[in-house]
Amino acid sequence: MVKKKIVILGAGYGGLRALKRLQDLKPNAEIVLVNKNSYHCEKTALHEVATGAASPGDICYPVSSVVDPQYTTFIKATVSKIEHHSKTIVFENREPLRYDYLLIALGFEFESFGIKGLSDYAYQITNIPSVEHIYKQLNEKLRAVKPGEKLSIVVGGAGFTSIEYIGELMEQLPFLTKAAHLKRDQVSVSCVQSNVLPMFSEDLSGYIIGKLEKKGVTFIKGRVANITANSVFYKESKASTDSSELTADMFVWAGGVRGSSVITNSDFKSDRGRVLVNNNLTVPDCEDVMMIGDCSIVIDDVTGLPYPTTAQIAMQQADCAAANIVAIFNQKPAKDFYYKPKGTVCSIGRHDAVGVVMGKQLRGVTASVLKKVIDTRSIVLIGGVDTVIKKQKLFRKKSM
Ligand code: FAD
């Protein structure tokens, strides 16, 4: 009898963790994993590559270290759309692929929110090529600064990505400016934002602002309105008619992401590349398709709002989705997904962080150590202990 085919799209936190669980659960099916690259990227560390604190090899590992060829075939290809009525995946660079069961975990993409100039002039922290580009441009721009001139770096947004990027940038700038034969005060860093890490208490966000201001960051309250090649224009509020101008030799946008454009191109009911999934993670009206991670929307029963998109939730959804696929294969009911928050920690440089873990507010070195433990745990859950040892994650040092 021909085995049914389970296809997983995406080898990020959600997709690769789901593959690992499925291989453990051994469904009587053929598994196919599709990803556009042959590596898994720890996207929670992208800011480290953007600042030169880590190299791409430090934060990536081969998908093959998780794929068990006894159960799974890996296809390196770029998906362009899904035609769920004919159960077909269409690719940019290969023949279409049919599936019996589909798990979509295609992650996030850059979101411009229609802000003029953003797509043309802003740098983005979304994948390895984008952060390599930021680091290369940063060095080129630093080397182009003449004596007596200044370089202005502006970051838009103050969520996780922005704060972790700024925190790391402030640690690297002394080395980077020295290498470019500049004085440290020839480079300024500003952050235009409407709220600093709103998921944390005022106390914790105050701690972050205080620490980064002490290192020289200027926080400017405002909403980015439009961007040109050398300026950022921002308004006090959405309703404001006047805008202020800030010189920006480099503008890094980390003010929001959207789900995958593959979702938008496919015939799913979606909002900004994300689909509001059923409680058991299936896509409404498509019982043979599940969606997890940043391209799915799951509502928090307590707040009535969508859960924030995080690696943590993607991995928990992966466990639920894998178990549900096996249940469906065995003609058993699929279970609902319940998110168990394990805590949230945001780094502000190598040895400082803030967070809330098990209801406790943490800051400083303790929070920073915990952050490294959380990051390491996610590698263990996906790549296994061998990958952690190979990556020397806990002991990694900046190689400058
Ligand atoms: P991803 O990890 O984005 O994986 C998607 C996969 O799909 C990738 O392998 C990609 O190559 C592949 N793919 C995409 N499009 C295609 C296509 N068309 N064809 C084929 N393959 C494709 N979360 C936390 O929980 N804690 C944190 O501290 C944290 N910090 C962060 C810091 C930064 C700087 C950033 C950028 C994010 C951070 N996040 C954090 C968020 C976290 O990275 C995301 O929520 C997480 O990556 C989502 O996982 P995912 O599996 O949905 O997608």
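That block above? That's the structure.
Keep in mind that what you see is a predicted model, and the values were worked out from it rather than measured. (Residues numbered from 1 in each chain as written. Predicted model: local features only at pLDDT ≥ 70, side-chain atom pairs only at ≥ 80, totals over all residues. Heavy atoms only, no water.)

Caption draft 1: Geometry of the overall build of the protein. Across its full length, the protein holds 11 helices and 26 strands. Whereas a compact globule of 400 residues would reach a radius of gyration of roughly 21 Å, the protein reaches 22 Å, a difference of no more than 12%. Seen along its three principal axes, the alpha-carbon backbone of the protein occupies a region of about 75 × 50 × 45 Å. Here the protein, with 400 residues, has 53% of them falling under the buried criterion. Long-range contacts, defined as pairs at least 24 residues apart, comprise 64% of the intrachain contacts of the protein with a sequence gap of at least 6. For the protein, the accessible area works out to roughly 19200 Å², and carbon and sulfur atoms hold 52% of it. Averaging the positions of the 50 positive and the 40 negative side-chain charges in the protein gives two centres separated by 5 Å. (Helix = DSSP H or I, 4+ residues; strand = E, 2+ residues; numbered from the N terminus. Rg over C-alpha atoms; globule rule 2.2 N^0.38 Å. Buried < 20%, exposed > 50% of the residue type's maximum accessible area, 1.4 Å probe, protein only. Contact = heavy atoms within 4.5 Å. Areas by Shrake-Rupley, 256 points an atom, 1.4 Å probe, with all protein chains shown as cover. Lys, Arg positive; Asp, Glu negative; His and termini not counted. Charge placed at Lys NZ, Arg CZ, Asp CG, Glu CD.)

Caption draft 2: Expanded view of helix α9 (residues 311-329). An ideal rise of 1.5 Å per residue puts 27 Å on 19 residues; α9 measures up with 27 Å between its terminal C-alpha atoms. For α9, the buried fraction is high: 15 of the 19 residues fall into the buried class. (Expected span 1.5 Å × (residues − 1).)

Caption draft 3: A nonpolar patch on the surface, seen in detail. Together, Val365, Val369 and Val373 line one region of the surface with nonpolar side chains, adding up to about 260 Å² of accessible area. Topologically, Val369 is positioned in helix α10 (residues 365-383). (Patch = residues over 30% accessible without salt bridge, like charges linked within 9 Å, V, L, I, M, F, W, Y side chains within 5 Å. Salt bridge = Lys/Arg side-chain N within 4 Å of Asp/Glu carboxyl O.)

Caption draft 4: Summary view of the nonpolar core. Core analysis: the largest hydrophobic core is formed by 62 residues, its most contacted members being Ile104 and Phe268. By residue number, the principal contributor to this core is α9, which donates 10 residues. Counting residues domain by domain, this core receives three or more from each of domain 1 (4-110 + 258-341) and domain 3 (343-400). Excluding anything up to four places from it in sequence, Ile104 contacts Leu9, Ile82, Ile263, Phe268, Val289, Met290, Met291, Ile292 and Cys295. (Core = buried A, V, L, I, M, F, W, Y, C linked by side-chain atoms within 4.5 Å. Domains from an automatic or database assignment.)

Caption draft 5: Region of interest: the site of the ligand. Around the ligand sit 32 residues, and of these Gly14, Asn35, Val79, Asp294 and Lys371 come closest. Coverage of the ligand by the protein amounts to 92% of the 1000 Å² it exposes when considered alone. Listing elements by their share of the shell around the ligand, those giving two or more residues are α1 (13-25), α6 (160-179) and α9. Within the shell around the ligand, the residues separate by chemical class into 13 nonpolar, 14 polar and five charged. The residue makeup of the shell around the ligand includes at least three contributed by each of domain 1 (4-110 + 258-341) and domain 2 (118-255). (Near = heavy atom within 4 Å. Nonpolar A, V, L, I, M, F, W, Y, C, P; charged D, E, K, R; others polar.)

Caption draft 6: Broad picture of the sheet that holds strand β7 (residues 88-91). Strand order in the open sheet made by the three strands is β6-β7-β8, with antiparallel pairing throughout. Edge positions in the sheet fall to β6 (79-83) and β8 (97-98), since each has one partner strand and no second. Where β7 and β8 come together, two bridges link them in antiparallel fashion. Across the sheet, residue Thr88 finds its bridge partner in β8, namely Arg98. (Pairing = 2+ DSSP bridges.)

Caption draft 7: Molecular detail of the packing of aromatic side chains. Enumeration according to the criterion identifies four aromatic pairs in this entry. Look at Phe160 and Phe200: their rings are 6.4 Å apart centre to centre, the planes differ by 45°, and that puts the pair in the tilted class. Of this pair, Phe160 sits in helix α6 while Phe200 sits in the loop between β13 (187-193) and α7 (202-214), placing them 40 residues apart in sequence. Between Tyr307 and Tyr339, the ring centres sit 4.9 Å apart and the planes meet at 75°, which makes this aromatic pair edge-to-face. Highlighted residues: Tyr307 in the loop between β23 (296-297) and α9 and Tyr339 in the loop between α9 and β24 (344-347), separated in sequence by 32 residues. Taken together, Phe113, Phe251 and Trp253 form an aromatic cluster joined through their ring pairs. One residue, Lys43, lies across the ring of Phe108, its end atom 4.6 Å from the ring centre. Just above the ring of Phe91 sits the side chain of Arg94; from NZ or CZ to the centre is 5.3 Å. (Phe/Tyr/Trp six-rings, centres within 6.5 Å; stacked < 30°, edge-to-face > 60°. Lys NZ or Arg CZ within 6 Å of the ring centre and 35° of its normal.)

Caption draft 8: Structural view of the environment of Thr228. Residue position: Thr228 is located in the loop between β15 (223-227) and β16 (231-235). For Thr228, a relative accessible area of 31% gives the class partly exposed. The spatial distance from the C-alpha of Thr228 to the C-alpha of Tyr121 is 6.6 Å, given a sequence separation of 107 residues. Here Thr228 is in contact with Tyr121 and Phe233, once residues within four sequence places are set aside.

Caption draft 9: Geometry of the environment of Ser266. Within the fold, Ser266 resides in the loop between α8 (261-265) and β20 (275-276). Measuring from C-alpha to C-alpha, the distance between Ser266 and Glu83 comes to 6.3 Å, with 183 residues separating the pair along the chain. Each residue touching Ser266, except ones within four places of it in the same chain, is listed here: Lys81 and Ile82.

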